[in-house]
Amino acid sequence: MIYHVIYALSDNVIDDPMKTMIETERLLLHPLTGHQFWFLIRKTDRVVVGSADFKDIPNAAQEVEIGYGLGKKFEHNGYMTEVVQAMCDWAIEQENVLHIIAETETDGFASQRILQRCGFVEEKCGDTIWWRK
């Protein structure tokens, strides 16, 4: 597993998430070569507020799954919406990615709203909900 740190969260917005993702990509031999995990650290006080990850390499259908989590006390600041959008923007530019997918709990309404704001649509609902962009 590869661990990265993103120092890209300000109090209200990410300064330049794409620049941070691109700089992180340069550290890798090849993008999306396996599980990639980022700690999300707020710049103002260097506190870890959450994490985000690409769960594996793109599958045969050229889909890559993302995951993310945010500390409860850091919710409702727009952090995760910006991180998820930045991850999607970066991933879709990779030649081996056509779609980004994510899974949420059926009662994970905040996570579902993040995905909807980032352009995901519900693809399959069962014990969990699968989303696709």
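Residues numbered from 1 in each chain as written. Predicted model: local features only at pLDDT ≥ 70, side-chain atom pairs only at ≥ 80, totals over all residues. Heavy atoms only, no water.

**Q** Can you help me understand the overall build of the protein chain in this one?
**A** What the protein chain contains, in helices and strands, is three helices and seven strands. Taken from N to C terminus, the helices and strands of the protein chain fall in the order β-α-β-β-β-α-β-α-β-β. Taken across its 133 residues, the protein chain has 44% of its residues classed as buried. Nonlocal contacts in the protein chain, meaning residues at least 24 apart in sequence, comprise 56% of its contacts between residues at least 6 apart. Within the structure as shown, the protein chain displays about 7,400 Å² of accessible surface, and the carbon and sulfur contribution to it stands at 52%. (Helix = DSSP H or I, 4+ residues; strand = E, 2+ residues; numbered from the N terminus. Buried < 20%, exposed > 50% of the residue type's maximum accessible area, 1.4 Å probe, protein only. Contact = heavy atoms within 4.5 Å. Areas by Shrake-Rupley, 256 points an atom, 1.4 Å probe, with all protein chains shown as cover.)

**Q** What's the story with the pattern of salt bridges in this structure? I'm lost.
**A** Opposite charge on two side chains makes pairing possible when the charged atoms of those side chains draw close. One pass over the structure, following the stated rule, counts four salt bridges. We note a salt bridge from Glu63 to Arg132, for which the minimum N-O separation is 2.7 Å. Within this pair, whereas Glu63 is found in strand 4 (residues 63–70), its partner Arg132 is found in strand 7 (residues 128–132), the two being separated by 69 residues in sequence. For Arg132, a relative accessible area of 23% translates into the label partly exposed. (Salt bridge = Lys/Arg side-chain N within 4 Å of Asp/Glu carboxyl O.)

**Q** I'm lost on the confidence of the model for the protein chain in this one. Help?
**A** Any residue range with low pLDDT should be treated as having predicted coordinates unsuitable for detailed reading. Averaged over every residue, the pLDDT of the protein chain is 79; residues scoring 70 or more account for 73%. The model gives residues 1–15 a pLDDT under 50, and that stretch makes 55 contacts with residues more than four places away or in other chains. Low pLDDT, under 50, characterises residues 24–30; the stretch is placed with eight contacts to residues that sit more than four places away or in other chains. (pLDDT = per-residue confidence, 0-100.)

**Q** Explain the nonpolar core here, please?
**A** Across soluble globular proteins, you tend to see nonpolar side chains buried next to one another. Membership of the largest hydrophobic core comes to 25 residues, with the highest contact counts inside it found for Phe54, Ile66, Val84, Met87, Ala91, Ile100 and Phe120. Put simply, the parts of the chain that give this core at least two residues each are strand 2 (36–42), strand 3 (47–54), strand 4, helix 2 (79–92), strand 5 (99–105), helix 3 (109–117) and strand 7. For this core, the leading source of residues is helix 2, giving eight residues. For Ile100, the residues in contact, after removing those within four places along its chain, are Val64, Ile66, Cys88, Ala91, Ile92, Phe120, Trp131, Arg132 and Lys133. (Core = buried A, V, L, I, M, F, W, Y, C linked by side-chain atoms within 4.5 Å.)

**Q** Is there a simple way to explain the pairing of strand 5 in this structure?
**A** Where a strand is regular, its side chains alternate between the two sheet faces. Pairing between strand 4 and strand 5: three bridges, direction parallel. Bridge pairing in strand 5 places Val64 opposite Ile100. A crossover links strand 4 with its parallel partner strand 5, the connecting element being helix 2, and its sense is right-handed. Note that strand 5 and strand 7 share five bridges and pair antiparallel. Looking across to strand 7, one finds that Ile101 is bridged to Arg132. (Pairing = 2+ DSSP bridges. Right-handed = clockwise from strand over helix to strand, strands pointing away.)

**Q** Is there a simple way to explain the side chain of Ser51 in this structure?
**A** Topologically, Ser51 is positioned in strand 3. Among residues more than four places away in sequence, those in contact with Ser51 are Phe37, Trp38, Phe39, Leu40, Tyr68, Gly69 and Met80.

**Q** Any chance you could explain the pairing of strand 6 (residues 121–125) here in plain terms?
**A** With zero of five residues buried, strand 6 is to be regarded as a mostly surface element. Strand direction decides the pairing type here: strand 6 and strand 7, joined by four bridges, are antiparallel. Paired with Lys124 across the two strands is Trp130, which belongs to strand 7.

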